[in-house]
Amino acid sequence: MPGCVNPICGPTTCTIPCSIFPKENIFKSNYGVDKQIFFNQNKIRENSVIIEYNKSASTNKYLEKYIKLLLDNNIIVYVYNDFYDLQNSDNIKNLGKINNNLLNEYFNKCKIGIIFSKNPTRNMYEMFVSGLCVFVLESEKNIIDLPQNIFKMLNKNINIDDILNIFNNPDEYKYDDVYAGYLNIHNEYDTLLNRIIEFQ
């Protein structure tokens, strides 16, 4: 089936006909995010960044340079998923692998989330629905597949000016407005899925 719209299968290829999926598995998918776990608690947030780290990722050369710049600018950095090589200090905290409920607490503690992945992932949306301004690595797939009004791109030339602007200028990023745009995209997506499944 060409051009599958089921988020479980992916946007371009599909090996399983989508008609076999129950509607409840497709509708209100929120890109695979469990919104009972990941949600915005509307807390006051600190000027900090949380970063997903994968030891085996080929993009870690960017991660290390960005972390150094953040620390040089006295930004608090939390790293999760794997333990980062730097030791814990006042400005960097290695969280390692933590459960999702605790992860959501950290998502709600910070203002910015960063994922150094060349491909769109569910984790990007988990960060976003938890109230974070999300930066992802600039790549062809991320530019094509991710809504540019929701996600911000990190340049491979290593520049944190956009990140610092979020901290220094409250009007630079208004989460409620961005989230409203996300809901519009999501509702249009559900409507399209509804029409396709009813057609089947």
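Preceding block: the structure.
Residues numbered from 1 in each chain as written. Predicted model: local features only at pLDDT ≥ 70, side-chain atom pairs only at ≥ 80, totals over all residues. Heavy atoms only, no water.

Enquirer: How should I be thinking about a positive patch on the surface in this particular structure?
Expert: A surface patch of positive charge is lined by K61, K65, K118 and K156. Inspection of the secondary structure assignment puts K61 in helix 2 (residues 60-72). (Patch = residues over 30% accessible without salt bridge, like charges linked within 9 Å, V, L, I, M, F, W, Y side chains within 5 Å. Areas by Shrake-Rupley, 256 points an atom, 1.4 Å probe, with all protein chains shown as cover. Salt bridge = Lys/Arg side-chain N within 4 Å of Asp/Glu carboxyl O. Lys, Arg positive; Asp, Glu negative; His and termini not counted. Charge placed at Lys NZ, Arg CZ, Asp CG, Glu CD. Helix = DSSP H or I, 4+ residues; strand = E, 2+ residues; numbered from the N terminus.)

Enquirer: Just checking my understanding: could you explain helix 3 (residues 100-107) for this structure?
Expert: Counting along an α-helix, one turn takes 3.6 residues, and residues three or four places apart therefore face a common direction. Regarding helix 3, the residues found buried are L103, N104 and F107. Here the buried residues of helix 3 occupy an arc of 100° about the axis, which is enough to place them on one side. Buried residues belonging to helix 3 abut strand 1 (48-52), strand 2 (76-80) and helix 4 (122-129). If you check the start of helix 3, you find a side-chain oxygen 3.1 Å away from the backbone N of N101, and it comes from N99. (Buried < 20%, exposed > 50% of the residue type's maximum accessible area, 1.4 Å probe, protein only. Arc of directions from axis to C-beta. Contact = heavy atoms within 4.5 Å. Polar contact = N/O pair within 3.5 Å; in protein donor to acceptor, adjacent residues only side chain to side chain.)

Enquirer: Help me understand the packing of aromatic side chains, please; the structure alone is not making it clear to me.
Expert: For any pair of aromatic rings, the description rests on two quantities: the centre-to-centre distance and the angle between the ring planes. Throughout the structure, instances matching the rule amount to nine aromatic pairs. Residues F38 and F107 carry aromatic rings whose centres are separated by 5.9 Å and whose planes lie at 35° to one another, so their mutual orientation is tilted. Linking F38 in the loop between helix 1 (23-26) and strand 1 with F107 in helix 3, this pair joins segments that are 69 residues apart in sequence. According to the relative accessible area criterion, F107 is buried, its value standing at 0%. Arranged with centres 5.3 Å apart and planes meeting at 50°, the rings of F128 and Y175 form a pair that is tilted. One end of the pair, F128, is in helix 4; the other, Y175, is in helix 7 (residues 175-199), and 47 residues separate them in sequence. (Phe/Tyr/Trp six-rings, centres within 6.5 Å; stacked < 30°, edge-to-face > 60°.)

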